[in-house]
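# Structural characterization, general
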Amino acid sequence: MDVRLSSVQQALRESVSLVVDRLGPHAVRELDDLERSEKLEAAIVASGWRELRSPEAEGAPLASGVEAAIVAEELGRGLADAPFLGPTMASELRRLVDAPAATADETVVLAPSLSELAVAVDGAPPKGAVAIDTQRAHTALVLVPGREGHVVAALPLGSAGAGVDLTRPSTLIDSTSPAVEVGQQGRPLSSDALAKWTALGLALTCADLVGIMCGAVELASGYAAARQQFGRPVGSFQAVQHLLADAMVLMEGSRSVARHAAWAVDALAPEAALGAAAGAKAYCARAARTVCETSIQVHGGVGNTWECLAHVHLRRALLSSEILGGVGVNLGRVLAHYGIGGSDGLR
């Protein structure tokens, strides 16, 4: 694969960057600024970024996984408090079953472990199922077992909940809510299609984690350059430089594997794409926690206060790390893909 961005992809990245730099939160108190968040939402709606995986006339997505990942990365870097991951995954699910586009904002429901898409049994979602990215969603999609594969059903959502992530609320699903089958589905969701969907979801969460790490490093570097101690910037001290250098290495390594995972979504067979995405998620999830905790450490005492934006990066990283599985779950997927373990006791 060619890891370089095309001129169109670079322009996309720059446009998303401009939006989040202008309208994203730059302080914890700005998370409560309704006027700012409404402007960010309007800009994302006008851009059409949530429709990147909508189908063209032939059924192929409008944009590749790489383009969707570019948007996810920049939104993560700017801690954008507007939905993207949930709506994009819902749009991809509708495309894979050849269903009409949603008429209102929607997202997806994950199993209680967050490691996979929720499956409704006897028409009801499992107890403890969670809808992600629910800030503006009216419905959330789940799977229902069918004779030739899964079909997609929708659940109504109430007001958005909370959760560890201050920028993307999650909502606990009422297990008594009936799942209503989405109409006009052209085909059931096969195991290969579900693998492709999971690969895309993992690639987008990896991209989000890369963006979060980038934002955390930028925040810590800016603080280290400005904060004076003993008459010198703390960034001039070797111990701080080593921390930031290690964080940069982890971030760039994550960007490489995340870019490969995004490319693999459309370029490789379903199981190979899932294997690539799972390997990337295991790496990015582990790296993101280290980088975000490093950012807090570089900030010193102020890094442990509510007013410091560093904990917002960590909170977002903790959620993205668990969506569709964290390190352990995805290392298991990698081993399963390569046929390692099982009977020989390695897995």
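In short, a report on the structure. (Residues numbered from 1 in each chain as written. Predicted model: local features only at pLDDT ≥ 70, side-chain atom pairs only at ≥ 80, totals over all residues. Heavy atoms only, no water.)

## Here's the deal with helix 4 (residues 85-96)
A rise of 1.5 Å per residue sets the reference length of helix 4, with its twelve residues, at 16 Å; its end C-alpha atoms lie 17 Å apart and thus fit the reference within 8%. With twelve of twelve residues buried, helix 4 is to be regarded as a mostly interior element. Looking at helix 4, one finds that the buried residues are Leu85, Gly86, Pro87, Thr88, Met89, Ala90, Ser91, Glu92, Leu93, Arg94, Arg95 and Leu96. After helix 4 finishes, the residue Asp98 shows a positive phi value of roughly 55°. (Helix = DSSP H or I, 4+ residues; strand = E, 2+ residues; numbered from the N terminus. Expected span 1.5 Å × (residues − 1). Buried < 20%, exposed > 50% of the residue type's maximum accessible area, 1.4 Å probe, protein only.)

## Looking at the layout of surface pockets
Taken as a whole, the largest pocket encloses approximately 410 Å³ of empty space. The set of elements that each furnish at least two residues to the lining of the largest pocket consists of helix 2 (34-47) and helix 4. Its residues assigned to classes, the lining of the largest pocket shows 13 nonpolar, three polar and nine charged. Quantified by volume, the second largest pocket comes out at close to 240 Å³. As for the second largest pocket, its lining consists of 13 residues, of which Pro25, His26, Arg77, Glu218 and Leu309 are closest to the centre. (1 Å grid on protein atoms, 1.4 Å probe; cavity = no way out; pocket = protein on both sides within 12 Å on 5 of 7 lines; lining within 4 Å. Points joined across faces, edges and corners; volume = space filled by probe spheres on them. Nonpolar A, V, L, I, M, F, W, Y, C, P; charged D, E, K, R; others polar.)

## Brief notes about the sheet that holds strand 3 (residues 139-145)
On the basis of which strands lie adjacent, the open sheet formed by six strands has the order 5-2-1-3-4-6 and mixed pairing. Of all the strands in the sheet, the pair left with one neighbour each is strand 5 (171-172) and strand 6 (180-181). Note: strand 2 (residues 130-131) against strand 5, two bridges, orientation antiparallel. Of the residues in strand 5, the one forming a bridge with Val130 is Leu172. Its contacts with the sheet place helix 4 against strand 1 (106-110), strand 3 and strand 4 (150-156), and it is angled at close to 85° to strand 1. (Pairing = 2+ DSSP bridges. Contact = heavy atoms within 4.5 Å. Axes fitted to C-alpha atoms, helices over the stretch in contact; angles between N-to-C directions.)

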